[in-house]
Amino acid sequence: MSNTMYIARSLDEKLREKGENGGAVTSILKCALKTKQIDGVITVKAKNNDRFSGIPVLVTEPDDLDDTAGSLHCSIPNTVRFLKEYLDGGLSKKLAFVGKPCDIRAIIELQKRYQIETDGLILIGLNCTGTISPATAREMYQKEFKVSPNDVIREDIDDGKLTITLKNGKTVSKDIAALEKKGLGRRDNCQRCEINIPIFADIACGKWGTESEEKPSTFIEVYSAKGQSLVELAISNGYIETDKPSSESIKLRQEKDTTEIDRALAKRAEDFDPIMAMSYSERLAFWVKEFEKCIKCYGCRDACPICYCEDCLLEANRHFLEAGVIPPNALFPLTRLAHVGDSCVNCGQCQDACPMELPLSLLFSLQNARLSEVFGYTSGTDIEQGPPLNTAMVEEMQIDDVFLDVSTLTKKLKK
Ligand SMILES: Cc1cc2nc3c(=O)[nH]c(=O)nc-3n(C[C@H](O)[C@H](O)[C@H](O)COP(=O)(O)OP(=O)(O)OC[C@H]3O[C@@H](n4cnc5c(N)ncnc54)[C@H](O)[C@@H]3O)c2cc1C
Ligand code: SF4
Ligand code: SF4
Ligand code: SF4
């Protein structure tokens, strides 16, 4: 059976204005909170109205959601870590989590490890083709767009262009590939990201497919019964109005997705191929040279949503890392690689956190791409699929053969 799809917009005039594409997402969440279907919403908000400083928030009062409407393209709040560390993984609460595909994938990887509540959590996915780091955005707006960053009120990344809207209503567009050649534009991991529509969430919401609508609207595709009842509740309680998308809208959305996937795959090849063309010793030397820049600040470990051990092997003097020694033993990055390489969701949080600018997302996504090929495993897209390396170790202890069917192993692990 095909999934239900809607073209939706808020029936609240203020939210239609403030929301990114008609405010349907905020209105659906508001309805769910008001009708007590959920206890809270985890989403992001511009701190002190600064769009370059988005922070994760837990909203429990329906009207407080108004401040969260709109898309922050130049902030990368670590909402997954926020949920896991500060909200006890959402245990014993009914929460809705709003996130980009990489955020939703990280949630699913943690759910497999029993670190985040599964049944009570509703995943509201946003389509995404990229985020820009706040520092890069500020520099780019000043140097390339010749505008004050504080005058920018909106970004759109579409058809190979970055278009910004200014407070005075003017728009300026630039070719995004040209900006990225200069080291500006989207974060490195986003340029290589090929998962734009979070089809593994309960609903996926985005602007693609709404281009011909008269009023700003969001295209919603529903993937679960939880998602379906959330949208139906918002319709029946008068929070949103919806139309059925035309076949042209559906086709356009698909075409945009395909174009962006192709762009990302080309970028992957451009970044991965030169490294894979190296001999083993050249490749090792390449990475060791990078590792030598490490100052052991633990930023990458602490930011990575997938790193979850309470008692981490990498703590100084605990195992193989001596306190006060910089750079640390190469086992520091290699241990992280072994622990999360199979489940890396290419979110780029490690690289954003690294003060020494190591190309960590390149290392992890390259390793992840190789492992994905071997195990037929795409991290964070199917809760039933066990993480292959973790699963392999457990499975190897149980069987004589090395044959692994990762699609069935999570179920075995749960027993
Ligand atoms: C970084 C980014 C890139 C996007 N790129 C695309 C795209 O290429 N194609 C496409 O079809 N759609 C894209 N979208 C989705 C689109 O911008 C809208 O979010 C969607 O259409 C819903 O619009 P709305 O008016 O119903 O949402 P609103 O009512 O405005 O609600 C938006 C919700 O998203 C949350 N949010 C805002 N910024 C972030 C963020 N950085 N991380 C996590 N949550 C956030 C808000 O807090 C709010 O809860 C992107 C969204 C983001 C955040
Ligand atoms: S990696 Fe970048 S492009 Fe991909 S979902 Fe995350 S923020 Fe969006
Ligand atoms: S290793 Fe880096 S890119 Fe991969 S999940 Fe962790 S923080 Fe994200
Ligand atoms: S964030 Fe960078 S400098 Fe800090 S520990 Fe990780 S790799 Fe080293």
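Structure: see above.
Structure report, in brief. Treat the numbers as computed from the prediction; the structure is a model and nothing was measured.

Definitions and limits used
Residues numbered from 1 in each chain as written. Chains lettered and ligands numbered in written order. Predicted model: local features only at pLDDT ≥ 70, side-chain atom pairs only at ≥ 80, totals over all residues. Heavy atoms only, no water. Near = heavy atom within 4 Å. Nonpolar A, V, L, I, M, F, W, Y, C, P; charged D, E, K, R; others polar. Helix = DSSP H or I, 4+ residues; strand = E, 2+ residues; numbered from the N terminus. Patch = residues over 30% accessible without salt bridge, like charges linked within 9 Å, V, L, I, M, F, W, Y side chains within 5 Å. Areas by Shrake-Rupley, 256 points an atom, 1.4 Å probe, with all protein chains shown as cover. Salt bridge = Lys/Arg side-chain N within 4 Å of Asp/Glu carboxyl O. Buried < 20%, exposed > 50% of the residue type's maximum accessible area, 1.4 Å probe, protein only. Pairing = 2+ DSSP bridges. Axes fitted to C-alpha atoms, helices over the stretch in contact; angles between N-to-C directions. Expected span 1.5 Å × (residues − 1). Bend = angle between axes of the 7 residues up to and from the residue. Contact = heavy atoms within 4.5 Å. Parallel < 35°, antiparallel > 145°, perpendicular 65-115°, else oblique. 1 Å grid on protein atoms, 1.4 Å probe; cavity = no way out; pocket = protein on both sides within 12 Å on 5 of 7 lines; lining within 4 Å. Points joined across faces, edges and corners; volume = space filled by probe spheres on them. Domains from an automatic or database assignment.

1. Digging into the site of ligand 4
Then, number 1: In the vicinity of ligand 4, 13 residues are found, and the nearest of them are C294, C297, Y298, C300 and C354.
Then, number 2: A per-class count over the shell around ligand 4 returns 11 nonpolar, one polar and one charged.

2. Side note on the site of ligand 2
Then, number 1: Around ligand 2, the surrounding shell consists of K100, P101, C102, C128, T129, G130, T131, R187, N189, C190, C193 and N346.
Then, number 2: Secondary-structure elements contributing two or more residues to the shell around ligand 2 are α4 (101-112) and α7 (188-191).
Then, number 3: Residues of the shell around ligand 2, tallied by class, amount to five nonpolar, five polar and two charged.

3. Topic: a nonpolar patch on the surface
Then, number 1: A cluster of nonpolar side chains, contributed by I295, I326 and M356, occupies part of the molecular surface with about 250 Å² of accessible area.
Then, number 2: Within the element layout of this structure, I295 appears in the loop between α10 (280-291) and α11 (299-303).
Then, number 3: Residue classification places I295 among the partly exposed residues on the basis of a relative accessible area of 36%.

4. Description of the pairing of strand β2 (residues 40-46)
Then, number 1: Counting buried residues along β2, six of its seven residues qualify, which places the element largely inside the surrounding structure.
Then, number 2: Here β2 runs beside strand β4 (residues 95-99); their pairing, made up of three bridges, is parallel. What sits directly across from I42, in β4, is F97.

5. Concerning the sheet that holds β4
Then, number 1: Taking strand neighbours across the sheet as the criterion, the eight strands line up as β3-β2-β4-β5-β9-β10-β1-β11 in an open arrangement whose pairing is mixed. The open sheet has two edge strands with one neighbour each: β3 (54-59) and β11 (240-243). Strand-to-strand twist across the sheet, computed as the mean angle between neighbouring axes with direction ignored, equals 30 degrees.

6. Description of helix α9 (residues 247-276)
Then, number 1: Its 30 residues give α9 an end-to-end C-alpha distance of 42 Å, which sits within 8% of 44 Å, the value for a rise of 1.5 Å per residue.
Then, number 2: Remark: the principal bend of α9, roughly 25 degrees, maps to E270, with a proline, P274, within the next four residues.
Then, number 3: Of the surrounding elements, those touching the buried residues of α9 are β6 (152-158), α7, β9 (203-206), β10 (218-222), α10 and α14 (360-375).

7. Digging into the sheet that holds strand β7 (residues 161-166)
Then, number 1: Strand order in the open sheet formed by three strands is β6-β7-β8, and the pairing between neighbours is antiparallel. Of all the strands in the sheet, just β6 and β8 (171-175) have a single pairing partner and so form its edges. Strand-to-strand twist across the sheet, computed as the mean angle between neighbouring axes with direction ignored, equals 20 degrees.
Then, number 2: As paired strands, β6 and β7 are joined by six bridges and run antiparallel to one another. Bridge assignment links D156 to a residue of β7, and that residue is T163.

8. Some details on the packing of helix α2 (residues 24-34) against helix α8 (residues 225-236)
Then, number 1: In contact at an axis separation of 9 Å, α2 and α8 are set at 90 degrees when each is read in the N-to-C sense. Classified by the angle between their axes, α2 and α8 sit roughly perpendicular to one another. Side by side, α2 and α8 meet where I28, C31 and A32 of the first sit next to L230, V231, L233 and A234 of the second.
Then, number 2: For the contact of α2 with α8, the per-class residue count stands at seven nonpolar, no polar and no charged.

9. Considering unusual backbone geometry
Then, number 1: Looking along the chain, the bond that leaves I326 and enters P327 is cis, with omega of -5 degrees.
Then, number 2: Residue position: P327 is located in the loop between α11 and α12 (331-340).
Then, number 3: The residue K36 is not glycine, and still its phi comes out positive at about 60 degrees.
Then, number 4: Relative to the helices and strands, K36 is located in the loop between α2 and β2.
Then, number 5: Judged by its relative accessible area of 67%, K36 is exposed.

10. Overview of empty space enclosed by the protein
Then, number 1: According to the stated counting rule, one finds six cavities of 30 Å³ or more in the structure shown.
Then, number 2: Empty space within the largest cavity amounts to approximately 780 Å³.
Then, number 3: Here the residues of the lining of the largest cavity sort into 13 nonpolar, 17 polar and seven charged.
Then, number 4: Two domains share the lining of the largest cavity, each providing at least three of its residues, namely domain 1 (5-130 + 195-260) and domain 2 (132-185).
Then, number 5: Quantified by volume, the second largest cavity comes out at close to 150 Å³.
Then, number 6: Lining the second largest cavity are 16 residues; nearest its centre among them are C294, C300, F332, L358 and L360.

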